[in-house]
Structure formats: C-alpha cells, structure tokens
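These are the residues of each chain, in order.
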Amino acid sequence: MINWFTRIPNWAALSLVMNGLLFTTVLAISHQQSGASELYAAGQLNDPLVIDAAIAPSIPALPHPSGGRRLSYTQWKEVLAQDAKLMAARNPDRLSVLLGDSLSLWFPGELMPGQRVWINQSISGEKTRGLLNRLDLLKDNDVEAVFLMIGINDLIWGESDQEILANYREIVRQLKLTHPNTQIVVQSILPHGGEASTWESRDKLAALPSERIQQMNDALQKIAADNQAYYLDLYPIFVTGDGTLRPDLTTDGLHLNRQGYLVWRSAIALYAQLKLQ
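Keep in mind the model is a prediction, meaning the values are calculated, not measured.

Undergrad: Pulling in residues and values, what's your account of the sheet that holds strand β4 (residues 183–187)?
TA: Strand-to-strand pairing in sheets goes through backbone hydrogen bonds, with the strands running parallel or antiparallel. The strand order across the open sheet built from 5 strands is β2-β1-β3-β4-β5, with neighbouring strands paired in parallel fashion. Every other strand in the sheet has two partners, leaving β2 (117–120) and β5 (230–232) as the edge strands with one partner each. Averaged over all neighbouring strand pairs, the angle between strand axes comes to 25 degrees, with direction disregarded. Sitting on the sheet, helix α2 (residues 73–90) is in contact with β1 (95–100) and β2, with an inclination near 160 degrees to β2.

And the structure:
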C-alpha cells in the first residue's frame, strides 16, 4: 500500500510539516509564558518576557498611531498617512507592516518581534473594502514584509463570502503590484468566543459559525498560494476543542489580552525565522 503522504505534492507536504512545527513550538512557548507570568506575579521573576528567546532583548515601543485619541475613520487615515510618510523619509532597513483591524491595531509595541522596524497601519473596525481603498498610503515605503489580518468585521457585519474574498484577492494583488519585492504574509482569521463572549455585539459573534471562519481561512490560504504570498495559520493555536477562541487569550471573546498577543508574537517570530528570508 502506498503511504498517503507520498502522494501529495511536495509543497503541500512541506506546508504540513511547517504548520505542525509552528503549532507545536508556539504551544510550548505559550505554556512557558504562562508559567513565567505566574512566577512574575509571585515576584520570582523581574521580567515576564525573560524566557522568550524569540524577541530581541531591547525593542523600542511601537507608539499607538492615534496617541490614545478618539478619531473618526477619516482622521485615522490621516494619522496613518502621516506615519507612513515619516517612515518613508527615514527609510529604515527591514521595515515591516501590521495591516488590518483592531486586533492588529492593539498589538503592544513592546511585544513586536525584534530584528525589524515596525509600523502599524491598522484601523479599529476595518473591513476588507476599507483596507483595499487605503493601500496607497504605503506607496512610498520600502517594505520588507507585510503581516495582513482582515476579514472578521466583514463576517460579523454581514458581508458575503464572495465579496470578502474578491476584496482580499485585490488587496494581495495590489500589494504585489506596488511592492513586488515585499514578503506578504496572509494571516488566518481567528476564532471567536461564541456564546461565552462579553463583547458588546456578542449576538453577532454567536451567529457566526466557526465552520464559516474555517472555510474562509481555507480560501485565504489558496489566495496566498495563487499569488506567491505566505500563509500563517494562527487558527489552530487560538481555538479550543469546541471551535471557540481560547478564553485565556481574550478579553471579551473577540479581542486579545496580553497573553494572546504573546502567543501571536511568538508565531510571527517563529514563522519569520523559518520561512522569510
């Protein structure tokens, strides 16, 4: 009998091995960080990040784009345009971009993986169409890598799968066109907390089946493959056995707590080390 593993394409076999390694390693890091957090709380460690070898020892904090102000969508775009302009003037080596919605927006700057210069170009509540319409903000930036996560707001607020995927294809296509040498990392949509969520629109989350998110992620992986982009599958790291967002990683069933961002950061750092050159 021929082993099934020998009958799949080489790229698929490599992807399976890669995802298995990523999943196992990040879970191990997550458990380590949980243990370190407990020691830190007990006063036995001075720094809760001390055991994390995936981050450089000293990383300047990434300022929140709005400085904590409440801004309209138009004002947000103006702030991000100014940030991108200032970064283009600096033209740093290894510029990397967080691109997405509130999940990316609130990524703590001090947790960003080291060896890169980061700029956050995310807006709370963002959808695929809005992101597509503001990609030109990065047109003058020399970007090494883009870490893209978008789509959960589209799903929550009733956009069709066809519309979401059409926008997503165009986002990746435009990024490839304007930044042909940039490494584009499509990140999977995360699970949500379902009935246990405390987010203000928890009924919207409860009405969004986990199966739909998984099907969307399958489609996003294909979009990445079709456009010579990378795909970082975060979903298995954040999901419970019943298909919901791990309660230890979230504040309200949708957004992440610090431990959630530690897990995400570890995944980005490991993926970049293994896959990006």
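Undergrad: Could you give me a rundown of the packing of helix α6 (residues 161–178) against helix α8 (residues 210–226), with the residues and numbers involved?
TA: Interaxial distance between α6 and α8 falls to 11 Å at its minimum, and their mutual angle equals 30 degrees. Put simply, α6 runs roughly parallel to α8. Of the two elements, α6 crosses α8, and the hand of that crossing is right-handed. Counting all contacts with α6, which are made through Asp-161, Ile-164, Leu-165, Tyr-168, Arg-169 and Val-172, the residues of α8 involved are Arg-212, Met-216, Ala-219, Leu-220 and Ile-223. The residue inventory of the contact of α6 with α8, partitioned by class, reads 8 nonpolar, no polar and 3 charged.

Undergrad: I'd like to hear about the nonpolar core, residue by residue, with values.
TA: If you look at the biggest cluster of nonpolar residues, it comprises 66 residues, and the most contacted ones within it are Leu-99, Leu-148, Leu-220, Leu-234, Phe-238 and Trp-264. The dominant element in this core, judged by the number of residues it contributes, is helix α10 (residues 258–275), at 8 residues. Filtering out sequence-adjacent residues up to four positions away, Phe-238 remains in contact with Leu-190, Pro-191, Thr-244, Leu-245, Arg-246, Leu-249, Leu-256, Gly-260, Val-263 and Trp-264.

Undergrad: Go over the confidence of the model for the protein, please, and point to the residues and values.
TA: Across the protein, the average pLDDT comes to 83, with 75% of residues at or above 70. Across residues 32–64 the pLDDT falls below 50, and counting only partners more than four positions away or on other chains, this stretch makes 50 contacts in the model.

Undergrad: Give a detailed account of α2, specifying residues and quantitative values.
TA: Taking 1.5 Å as the rise per residue, α2 with 18 residues should run 26 Å; its terminal C-alpha atoms sit 26 Å apart, in good agreement. Considered for burial, the residues of α2 that qualify are Trp-76, Val-79, Leu-80, Ala-84 and Met-87. Each buried residue of α2 sits inside an arc of 135 degrees when the element is viewed along its axis, so together they form one side. When the buried face of α2 is taken as reference, the exposed residues oriented beyond 90 degrees from it are Thr-74, Glu-78, Lys-85 and Ala-89. The positive-phi residue at the C-terminal boundary of α2 is Asn-91, with phi of around 50 degrees.

Thresholds applied
Residues numbered from 1 in each chain as written. Predicted model: local features only at pLDDT ≥ 70, side-chain atom pairs only at ≥ 80, totals over all residues. Heavy atoms only, no water. Pairing = 2+ DSSP bridges. Helix = DSSP H or I, 4+ residues; strand = E, 2+ residues; numbered from the N terminus. Axes fitted to C-alpha atoms, helices over the stretch in contact; angles between N-to-C directions. Contact = heavy atoms within 4.5 Å. Parallel < 35°, antiparallel > 145°, perpendicular 65-115°, else oblique. Left-handed = near helix turned anticlockwise from the far one by under 90°. Nonpolar A, V, L, I, M, F, W, Y, C, P; charged D, E, K, R; others polar. Core = buried A, V, L, I, M, F, W, Y, C linked by side-chain atoms within 4.5 Å. Buried < 20%, exposed > 50% of the residue type's maximum accessible area, 1.4 Å probe, protein only. pLDDT = per-residue confidence, 0-100. Expected span 1.5 Å × (residues − 1). Arc of directions from axis to C-beta.

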